[in-house]
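Single-letter residue listing:
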Amino acid sequence: MFSSRLTSKLKEAASVVAFTGAGMSAESGVPTFRGEDGIWKKFKPEELASFDAFIRNPEVVWEWYKYRKQLLLSVQPNPGHFALAEMEKIFPQFTVITQNIDNLHRRAGSGTVYELHGNIERNYCIGCGMKYSNEEIPSLDRAPRCAQCSGLIRPDVVWFGELLPVEEWNASVAAAERADIFFSIGTSAVVYPAASLPVSAKHAGAYVVEINIEPTELSHQMDEVLLGKSGDLLPRLVDVLKHSLVR
Ligand code: OAD
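Quick notes on the rules
Residues numbered from 1 in each chain as written. Predicted model: local features only at pLDDT ≥ 70, side-chain atom pairs only at ≥ 80, totals over all residues. Heavy atoms only, no water. Helix = DSSP H or I, 4+ residues; strand = E, 2+ residues; numbered from the N terminus. Rg over C-alpha atoms; globule rule 2.2 N^0.38 Å. Disulfide = S-S within 2.5 Å. 1 Å grid on protein atoms, 1.4 Å probe; cavity = no way out; pocket = protein on both sides within 12 Å on 5 of 7 lines; lining within 4 Å. Points joined across faces, edges and corners; volume = space filled by probe spheres on them. Nonpolar A, V, L, I, M, F, W, Y, C, P; charged D, E, K, R; others polar. Domains from an automatic or database assignment. Contact = heavy atoms within 4.5 Å. Buried area = accessible area lost by both parts, 1.4 Å probe. Salt bridge = Lys/Arg side-chain N within 4 Å of Asp/Glu carboxyl O. Pairing = 2+ DSSP bridges. Axes fitted to C-alpha atoms, helices over the stretch in contact; angles between N-to-C directions.

1. Quick look at the overall build of the protein
Working step 1: From N to C terminus, the protein includes 11 helices and nine strands.
Working step 2: For a compact globule of 247 residues, the expected C-alpha radius of gyration is about 18 Å, and the protein comes in at 19 Å, within 12% of that figure.

2. A look at the state of the cysteines
Any covalent bond linking the sulfur atoms of two cysteines counts as a disulfide.
Working step 1: Under the criterion given, the structure shown has zero disulfides.
Working step 2: Free of any disulfide, Cys146 has its nearest cysteine sulfur in Cys128, 3.7 Å distant.
Working step 3: Cys125 supplies the cysteine sulfur nearest to Cys149, a cysteine that is in no disulfide, at a spacing of 3.4 Å.

3. Digging into the layout of surface pockets
Working step 1: In this structure, the second largest pocket encloses a volume near 270 Å³.
Working step 2: Along its surface, the second largest pocket is lined by 13 residues, and Lys69, Gln70, Leu73, Asn134 and Glu135 are the ones closest to its centre.
Working step 3: Counting residues per element, the lining of the second largest pocket draws most heavily on helix α6 (residues 58–73), which supplies five residues.
Working step 4: Of the residues belonging to the lining of the second largest pocket, the class tally is six nonpolar, two polar and five charged.

4. Points about the domain arrangement of the protein
Working step 1: With domains assigned, the protein is organised as domain 1 (1–29 + 77–117 + 165–247) and domain 2 (31–74 + 118–157).
Working step 2: If you average the C-alpha positions of domain 1 and of domain 2, the two centres end up 27 Å apart.
Working step 3: The interface is formed by 15 residues belonging to domain 1 together with 14 residues belonging to domain 2.
Working step 4: Contact with domain 2 buries area across many residues of domain 1, yet Ala22, Ile101 and Glu115 alone supply 41% of it, more than any other trio.
Working step 5: Across the domain 1-domain 2 interface, the total number found is one salt bridge.
Working step 6: For Glu115, the salt bridge is made with Arg122, and the minimal N-O distance between the two is 3.2 Å.

5. Side note on the sheet that holds strand β5 (residues 131–133)
Working step 1: Reading across the sheet, the three strands line up as β5-β4-β6 and stay open at both edges, with antiparallel pairing between neighbours. The outermost strands of the open sheet, each flanked by one partner alone, are β5 and β6 (153–157). When the angles between neighbouring strand axes are averaged without regard to direction, this sheet yields 40°.
Working step 2: Strand direction decides the pairing type here: strand β4 (residues 118–125) and β5, joined by three bridges, are antiparallel. In the sheet register, Tyr124 faces β5, and the bridge partner there is Lys131.
Working step 3: Of the strands in this sheet, β4 and β6 are in contact with α6, which crosses β4 at around 135°.

6. Here's the deal with the pattern of salt bridges
Working step 1: A complete count under the given rule lists nine salt bridges for this structure.
Working step 2: The residue Asp156 makes a salt bridge to Arg122 at a minimum N-O spacing of 3.0 Å. With Asp156 in strand β6 and Arg122 in strand β4, this pair connects stretches of sequence that are 34 residues apart.
Working step 3: Members of the salt-bridge network, linked through shared partners, are Arg106, Glu115, Arg122 and Asp156.

Here it is in structure tokens:
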């Protein structure tokens, strides 16, 4: 199932990174962005996921996030998420870098998680910066306003045209550059700068492995491509790690 090259790399690895995208959560029932049934096939990102759209029409943008927040309340981490949380216990250093905002890695028990595109369970006021959890924001029937300054509250996610959170980004680059093995999982790897991380890791010497149901833009740069579902392949990888590798 897994190459002997990969198993021997795994045996020696001290520092491992899992870089994840929407495909990681597909088996939890969270829709991906691209592909046949992708979100961006049905909706225009510039109308729902940009600061301009928010200022123009906060009600519409909040309607969209209300829908997504409710969807995410009804889903659970899948075996792929749990497998990554297990891997954190096996390797001396294990980092999850995710483009997902769904909080499923943390809910599955992963401890070191850098969220490059934010987290849908957090919100903040665009006027004074006050932070709000989902439970703390007033009713989502209208775009919510800050209790302190009446400014508009927005979800703490990265929209198109916005910069990534600096600390998470710097920590992610550092993790990619020190990785012995770098997994790129369930991402089409077309949204930059996040998609530059697998290549940075490879240039810095990591063994780079892609897990996806189909080839991506970056497949040709990978040392190894594992075609299949992350919810299937990752638990099997953990089995191999637990049973055949005596560390
Ligand atoms: P995409 O929707 O672009 O890509 C999802 C990838 O997951 C595809 O390559 C699928 O083939 C793969 N996939 C689907 N199901 C899978 C499964 N069960 N196991 C393994 N792979 C599977 O999502 P992202 O690459 O995450 O940004 O998109 C990147 C960014 O674009 C998102 O973070 C979001 C979006 O616009 C922002 O909102 C800023």
